[in-house]
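Okay, here's what each chain looks like letter by letter:
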Amino acid sequence: MARRQAPPGSQTSLREANRARVIESLKRHGRLTQIELAGSTGLSPATVSNIVKELTASGLLHTSFTTSSGRRATLVSLARRLGLVAGVHYSSRHLHIAIADTARTIVTQSSLPLPLDHRHDSELDRLALLLGDMMESLGGSITDLLGVGLALPAPIDPRTGMVSTPGLLRGWENVDVAESLAIRIGRPVHVDSEANLGGLAEAREGNGRSAASSVFIRVGHTISAGLVVNGDLFRGVNGKAGQIGHVTLDENGPICRCSNRGCLETYAGGPALLSLFPPSEGMHRLGDLLHAAELGDGAARRVIADAGRHIGIAAASLCNLFDPEIIVVGGELGQAGEILMAPMRHSLERTALPSADGLPEIVGASFGEWAETRGAIAIALDHVTVDAQLPTAPSLPITA
């Protein structure tokens with residue numbers, strides 16, 4: 001039965017708009033206390049409390065109790081029964097998949113290694129099968145997914161859904177990846193770069209949550225950054241904003257995969273770091289380098305520290321242009337912690353323009369290698385429509 005629309009400006013219309021604001025805030029941030037909901041929506045605590053009671057009774061919201069500032073508080077989230085979304089992250093060498101409910105609780109996840117030069121056709125075929133298998137393990141089917149978010153290791157043009165810069169992800173170029181996967185699985189798909197989605201996760205529910213502006217620097221096989229302002233991504237016209245890995249450190253330096261010389265990636269990206277070791281030392285993957293550094297290997301620690309110094313120089317330029325409150329460091333090499341971040345801070349102090357408030361804090365990612373997948377879940381949820389109207393009793397037939 002079609003719903004009767006409330007006239008604009010009426011009390012009913014205002015209540016519906018306020019309920020929609022609460023729903024959108026929970027989609028964006030996940031779980032919030034009622035006080036946090038009031039702050040994020042601009043509604044009064046009393047209005048939020050009434051809306052939460054209404055929507056909980058109708059089955060749209062779920063509430064539980066927590067402690068905030070030493071006091072008991074009501075924690076609110078979307079009800080799990082609303083459905084499931086999937087987050088997918090293709091990095092240069094790994095595939096991560098997670099399925100979550102609308103409260104962002106992960107119900108199942110999987111991780112697989114990837115060949116270095118993977119291609120979209122074979123990988124999307126495999127992904128469709130994996131998503132189907134994972135949903136079947138939960139007692140459902142792929143058609144039960146509300147949507148899928150997908151992170152790729154390259155900038156994505158928001159207007160076309162394609163890789164925006166040739167040469168950065170061969171085998172995936174000139175393809176509308178979202179449409180290609182949607183055809184395979186019959187569900188809505190939304191695609192962005194891995195750095196953007198890692199930044200979105202950290203800004204909305206991780207270490208960048210309290211900052212109005214933040215930068216997520218992803219350091220691994222490649223290097224890139226996601227720029228977030230007030231919880232929203234800044235992508236630029238072609239989706240290339242934040243490509244810090246292609247900041248030129250030396251115009252006479254090594255040739256980069258982007259065809260320029262002396263980019264940050266040629267000094268601090270995974271292949272550049274691993275090439276510093278002879279084959280006999282067994283440094284084939286970044287995991288090998290991290291393991292050696294953890295065991296105290298001096299050469300491994302020096303290589304990571306030098307990478308941090310180079311990244312800090314590029315980050316200083318980013319700070320001078322973007323002026324963020326906080327820098328969150330993620331990606332596989334980000335797991336090196338202070339071995340990487342201490343030299344980054346030193347370079348930032350030497351190179352960035354100072355301010356009265358000091359330089360941005362540099363911290364590690366709160367979600368580790370799953371930050372980008374959580375961001376993919378977030379972007380999928382951003383596009384899920386939740387009807388915030390309360391059920392109404394059926395109207396009586398009109399008789400003559």
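Residues numbered from 1 in each chain as written. Predicted model: local features only at pLDDT ≥ 70, side-chain atom pairs only at ≥ 80, totals over all residues. Heavy atoms only, no water.

1. Some thoughts on the nonpolar core
Of all hydrophobic cores here, the largest spans 41 residues; its most connected members are I217, I244, L289, I304, I311, L333 and L340. Of all the secondary structure elements, the ones that give two or more residues to this core are β9 (213–219), β10 (223–229), α8 (270–274), α9 (286–294), α10 (298–322), β12 (326–330) and α11 (338–351). The leading source of residues in this core is α10, at eleven residues. Aside from chain neighbours lying at most four places away, what touches L333 is V219, G220, A268, L273, L286, L289, L290, I304, A307 and L340. The next biggest cluster of nonpolar side chains, apart from the first, holds 35 residues, and it includes L95, L169, I185 and V189. (Core = buried A, V, L, I, M, F, W, Y, C linked by side-chain atoms within 4.5 Å. Buried < 20%, exposed > 50% of the residue type's maximum accessible area, 1.4 Å probe, protein only. Helix = DSSP H or I, 4+ residues; strand = E, 2+ residues; numbered from the N terminus. Contact = heavy atoms within 4.5 Å.)

2. Remarks on unusual backbone geometry
Positive phi outside glycine occurs at N174, with the angle close to 60°. Take N174: it is sitting in the loop between β7 (145–152) and α5 (177–185). With phi around 55°, D323 is a residue other than glycine that occupies positive phi space. Examined against the element boundaries, D323 turns out to sit in the loop between α10 and β12. Taking relative accessible area as the criterion, D323 reaches 60% and is therefore assigned exposed.

3. Overview of the domain arrangement of the protein
Each assigned domain of the protein is listed here: domain 1 (12–76), domain 2 (82–194 + 376–381) and domain 3 (208–364). Taken over C-alpha atoms, the centre of domain 2 sits 25 Å from the centre of domain 3. Counting from both sides, the interface comprises 19 residues of domain 2 and, opposite them, 17 residues of domain 3. Note on domain 2 versus domain 3: buried area summed over both sides is about 1,400 Å², and carbon and sulfur give 44% of it. When the area that domain 2 buries against domain 3 is broken down by residue, the three leading residues are R93, L168 and E194, summing to 33%. On inspection of domain 2 and its partner domain 3, the count reaches two salt bridges. With its nearest N and O atoms 3.4 Å apart, the salt bridge here joins E194 to R218. The tally of links between domain 2 and domain 3 comes to five residue pairs in polar contact (both at pLDDT 80 or more). Looking at the side of domain 2 that touches domain 3 residue by residue, the class counts come to six nonpolar, seven polar and six charged. (Domains from an automatic or database assignment. Buried area = accessible area lost by both parts, 1.4 Å probe. Salt bridge = Lys/Arg side-chain N within 4 Å of Asp/Glu carboxyl O. Polar contact = N/O pair within 3.5 Å; in protein donor to acceptor, adjacent residues only side chain to side chain. Nonpolar A, V, L, I, M, F, W, Y, C, P; charged D, E, K, R; others polar.)

4. So, the packing of aromatic side chains
Aromatic rings considered in pairs are described by the distance between their centres and by the relative angle of their planes. In total, this model carries one aromatic pair according to the counting rule given. Positioned above the aromatic ring of F65 is the side chain of R72, whose terminal nitrogen or guanidinium carbon lies 3.8 Å from the ring centre. Here the guanidinium or amino end of R374 rests over the ring plane of F367, the centre of that ring lying 4.9 Å away. (Phe/Tyr/Trp six-rings, centres within 6.5 Å; stacked < 30°, edge-to-face > 60°. Lys NZ or Arg CZ within 6 Å of the ring centre and 35° of its normal.)

5. Section: α9
For α9, the complete set of buried residues consists of L286, L289, L290, A292 and A293. Summarising the axial view, the buried residues of α9 lie within an arc of 165°, below the 170-degree limit, and thus occupy one face. The inward-facing, buried residues of α9 abut α8, α10 and α11. Where α9 terminates, the next one or two residues include G296, which has phi positive at roughly 95°. (Arc of directions from axis to C-beta.)

6. What to know about the packing of helix α2 (residues 34–41) against helix α3 (residues 45–57)
Running from N to C, α2 and α3 cross one another at 115°; their axes reach a closest spacing of 9 Å. In terms of orientation, α2 and α3 fall into the roughly perpendicular class. As for the relative orientation of α2 and α3, their crossing is right-handed in sense. Where α2 abuts α3, its residues Q34, L37, A38 and T41 lie against P45, V48, S49 and V52. (Axes fitted to C-alpha atoms, helices over the stretch in contact; angles between N-to-C directions. Parallel < 35°, antiparallel > 145°, perpendicular 65-115°, else oblique. Left-handed = near helix turned anticlockwise from the far one by under 90°.)

7. Quick look at the pairing of strand β6 (residues 106–113)
Regular strands place their side chains on alternate faces of the sheet. Both strand β5 (residues 94–101) and β6 contribute to a ladder of seven bridges, which runs antiparallel. If you follow I97 over to β6, its bridge partner there is S110. Here β5 folds back onto β6, and the loop between the two strands holds four residues, one of which, R104, carries a positive phi near 70°. (Pairing = 2+ DSSP bridges.)

8. Focus on empty space enclosed by the protein
Applying the stated criterion to the full structure yields one cavity of 30 Å³ or more. Volume-wise, the largest cavity comes out at about 70 Å³. Here the residues of the lining of the largest cavity sort into six nonpolar, five polar and three charged. Taken domain by domain, the lining of the largest cavity gets at least three of its residues from each of domain 2 (82–194 + 376–381) and domain 3 (208–364). (1 Å grid on protein atoms, 1.4 Å probe; cavity = no way out; pocket = protein on both sides within 12 Å on 5 of 7 lines; lining within 4 Å. Points joined across faces, edges and corners; volume = space filled by probe spheres on them.)

9. Describing the sheet that holds strand β11 (residues 232–233)
Strand order in the open sheet made by the five strands is β11-β10-β9-β12-β13, with mixed pairing throughout. Each edge of the sheet is formed by a strand with only one pairing partner; in this case those strands are β11 and β13 (361–364). Where β9 and β10 come together, seven bridges link them in antiparallel fashion. The residue bridging F216 from the neighbouring strand is G226, located in β10.

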